[in-house]
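Overview (structure and organization)
These are the residues of each chain, in order.
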Amino acid sequence: MSVQTLTKPTSQKTQSLRITGSEAVVRSLIAEGVDVLYGYPGGAIMPVYDELYKFRDQIHHVLTRHEQGAAHAAQGFARISGRVGVAIATSGPGATNLVTGIADAQIDSTPLVCITGQVGAHLLGSDAFQETDIVGISTPVTKWNHQITTAEEIPEVLAKAFYIAKSGRPGPVLIDITKNAQFEMLDYQYKPCTGIRSYAPEPQIKIEDLQAAASLLNQAKRPFIVWGQGVILSQAEKALKTFIEHTGIPAAWTILGASAIDTDHPLNVGMVGMHGNYAPNILTNECDVLLAIGMRFDDRVTGKLETYAKQAKIIHIEIDPAEVDKNVKTDVAIVGDAKKALTALTPLLENKTHDTWRRRFEELHQIEDEKIIQKDLFPTKDGLTMGEVIRCINEHTKAEAAIVTDVGQHQMIACRYAAFKQTKSNITSGGLGTMGFALPAAIGAKMAAPERAVVAIIGDGGYQMNIQELGTIFQTKAAVKIVLLNNNFLGMVRQWQQLFFDKRYASTELINPEFGLIASAYHIPARKVTQRDSLNEAVGEMLAHDGPYFLEVVVEPEANVFPMIPSGASVSEIRLS
């Protein structure tokens, strides 16, 4: 009888490459699946740019016209794709110009990896040319940051950067790399990061919390759901739709949660917040159980905290423990991933319809429809309204476009009236409220989803904050459709001045240039609409054009956005006029 000898296979050691730190940066990006990034070169990051040139067949660098534009473009890319956006800049002013975009990404939970060059390690602290402590500056607005001073650190640090940026509650990470580290040689191997000691990005959901939540919801007579961007980030859209259809609970959304569920779904009762819909705001203070999913109870949603949903039991599904009980005290907290929480919670709940409670939403919606919505969407007076422009875009795009908005009145109108049939379709600056966001973010969004129509809705104030990114559109041919809603005012500030400062329009009236001529200078087709009878045809022409297009629509100069919850007021004090 023969005996077969089992031999252990010999392990093969991964071969390393002897390369420079700058090449290691580029190879690490490629290893993480990065195929496009946004940035602006300079002396302290030049070695990395030299390697990007060599690897240009594998990774595409988009030269924006300002580093802030690079950060916002990376945000737009991340928001529509669900992938990590990447921005790159040099030291000093290049790095500091990224900070607004980084801060925006931090508060809106957008996964970014930002790479900055830095002076040589031997010059740190010497106030060398273009030396700025970007690690110190960005610490309050990043999920994590780190300064690399030797080449051998690069692979491991970049792997950690991508893992941290996209895991748990996503956010921006900044990696600062000294120039000597970019030139130094290292034996390069890359291993993706799959975990970090003491960092638990996704807490384990407790069954007792699910059971406690189910008990409250099953007993509720007037339950209400408010969902936020956490639903989109956790890919819980289908789980949420199944949940509300099973339970019959009316559901409303925060600005960043828009598009997770079709806007015409019968259980979608609209937007909450300062300029949200009348019914969900009023009924927040009449529900008996409030289920908040992937949202952080921002002040623009809650209004006066002392009066917010005090009659209700509060259930909060949230992946970030720091957000639980931060603003609103919860009765049951389900700390964990929204998709997993909803999937586990749904079978514990009874199938109901809540017909009487839902009719209350319908009654209040009718009031808003008569007093505001019909006038916004189907005006009878001469001046064009922002609402009818959004309605026209909806009709032409069949609610399938990605809408990228800047910040101001046009943002509120677009978020109120844009129709969505696909998730990740509402891309806007929520928490930071960054004017200048939309134009570069639309570039990133279009590059991430070239098959989709991407329409940037922008006001004349925010447009001019990053208008130079028309140059990026011209160079890349990104087929962004730009709709400028021009009222010759900083509209949102003017509205507050009208309502609360006796119409003292201090520094809010704009003397604007001929925007169409500027677009034409960048070889972008342009058209201006001042009359209602040409709006529909102009929107159709814009969307049919194969390439970028600029459409300026002159709207009423002193129109206001209603409903409105005055600052410091309760959600029950929402105004219709």
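Residues numbered from 1 in each chain as written. Predicted model: local features only at pLDDT ≥ 70, side-chain atom pairs only at ≥ 80, totals over all residues. Heavy atoms only, no water.

Within the chain, the regular secondary structure consists of 23 helices and 20 strands. For 577 residues, the compact-globule formula gives about 25 Å, and the C-alpha radius of gyration of the chain, at 25 Å, lands near that figure. Structurally, the chain occupies a C-alpha span of about 80 × 75 × 50 Å along its principal axes. For the chain, restricting intrachain contacts to residue pairs at least 6 apart in sequence, the fraction spanning at least 24 positions comes to 77%. Side-chain charges of the chain comprise 53 positive and 63 negative groups, with the mean position of each set lying 4 Å from the other. (Helix = DSSP H or I, 4+ residues; strand = E, 2+ residues; numbered from the N terminus. Rg over C-alpha atoms; globule rule 2.2 N^0.38 Å. Contact = heavy atoms within 4.5 Å. Lys, Arg positive; Asp, Glu negative; His and termini not counted. Charge placed at Lys NZ, Arg CZ, Asp CG, Glu CD.)

Turning our attention to helix α11 (residues 237-247). Where α11 is concerned, the buried positions are E237, A239, L240, F243, I244 and T247. Viewed end-on, α11 has its buried residues packed into an arc of 160°, placing them on one side of the element. Just beyond α11, the residue with positive phi is G248, at close to 70°. (Buried < 20%, exposed > 50% of the residue type's maximum accessible area, 1.4 Å probe, protein only. Arc of directions from axis to C-beta.)

Let's shift gears to unusual backbone geometry. The peptide bond linking F562 to P563 adopts the cis configuration, its omega dihedral lying at 0°. With phi around 55°, S109 is a residue other than glycine that occupies positive phi space. Tracing the backbone shows S109 in the loop between α5 (99-107) and β5 (112-118). With relative accessibility at 7%, the residue S109 sits in the buried group. Even without a glycine there, the phi angle at K398 is positive, about 60°. Assignment of secondary structure puts K398 in the loop between α16 (386-397) and β15 (402-405).

What follows concerns the side chain of T397. Within the secondary structure, T397 sits in helix α16. Residue classification places T397 among the buried residues on the basis of a relative accessible area of 13%. A distance of 2.8 Å separates a polar side-chain atom of T397 from the backbone oxygen of I393. (Polar contact = N/O pair within 3.5 Å; in protein donor to acceptor, adjacent residues only side chain to side chain.)

Attention now goes to the domain arrangement of the chain. You can read the domains of the chain as domain 1 (7-188), domain 2 (207-360) and domain 3 (378-566). Measuring from the centre of the C-alpha atoms in domain 2 to the corresponding centre in domain 3 gives 30 Å. Taken together, the contact between domain 2 and domain 3 spans 19 residues of the former and 22 residues of the latter. Across the domain 2/domain 3 interface, buried area totals approximately 1,700 Å², and carbon plus sulfur atoms make up 60% of it. Of all residues in domain 2, S259, M274 and H275 bury the most surface against domain 3, accounting for 37% of the area lost on that side. Our count for the domain 2 to domain 3 interface comes out at zero salt bridges. There are ten residue pairs in polar contact (both at pLDDT 80 or more) connecting domain 2 and domain 3. By residue class, the composition of the side of domain 2 that touches domain 3 is nine nonpolar, seven polar and three charged. (Domains from an automatic or database assignment. Buried area = accessible area lost by both parts, 1.4 Å probe. Salt bridge = Lys/Arg side-chain N within 4 Å of Asp/Glu carboxyl O. Nonpolar A, V, L, I, M, F, W, Y, C, P; charged D, E, K, R; others polar.)

On the basis of which strands lie adjacent, the open sheet formed by six strands has the order β16-β15-β17-β18-β20-β19 and parallel pairing. Both outer strands of the open sheet, β16 (426-427) and β19 (526-529), are each paired with one neighbouring strand and no more. Pairing of β15 with β16 involves two bridges; the strand directions are parallel. Residue pairing across strands places V404 opposite I427, the latter belonging to β16. Along the sheet, helix α17 (residues 409-417) contacts β15, β16, β17 (454-459) and β18 (481-486); its crossing angle with β17, the most-contacted strand, is approximately 140°. Running over the sheet, helix α23 (residues 535-544) touches β17, β18, β19 and β20 (549-554) and is turned about 160° from β20. (Pairing = 2+ DSSP bridges. Axes fitted to C-alpha atoms, helices over the stretch in contact; angles between N-to-C directions.)

Let us now look at the sheet that holds strand β13 (residues 313-318). Read from one edge of the open sheet, six strands run β11-β10-β9-β12-β13-β14, paired in parallel fashion. The sheet terminates laterally at β11 (268-271) and β14 (332-335), the two strands that pair on one side only. Between one strand axis and the next, the sheet turns through 20° on average, direction left out of account. Strand direction decides the pairing type here: strand β9 (residues 223-227) and strand β10 (residues 251-253), joined by three bridges, are parallel.

Turning next to the pairing of β19. Each regular strand displays side chains that alternate between the two surfaces of the sheet. Looking at chain direction, β19 and β20 are connected through four bridges and run parallel. Residue R527 lies in a different strand from β20, and its bridge partner there is L551. Handedness of the crossover joining β19 and β20 through α23: right-handed. (Right-handed = clockwise from strand over helix to strand, strands pointing away.)

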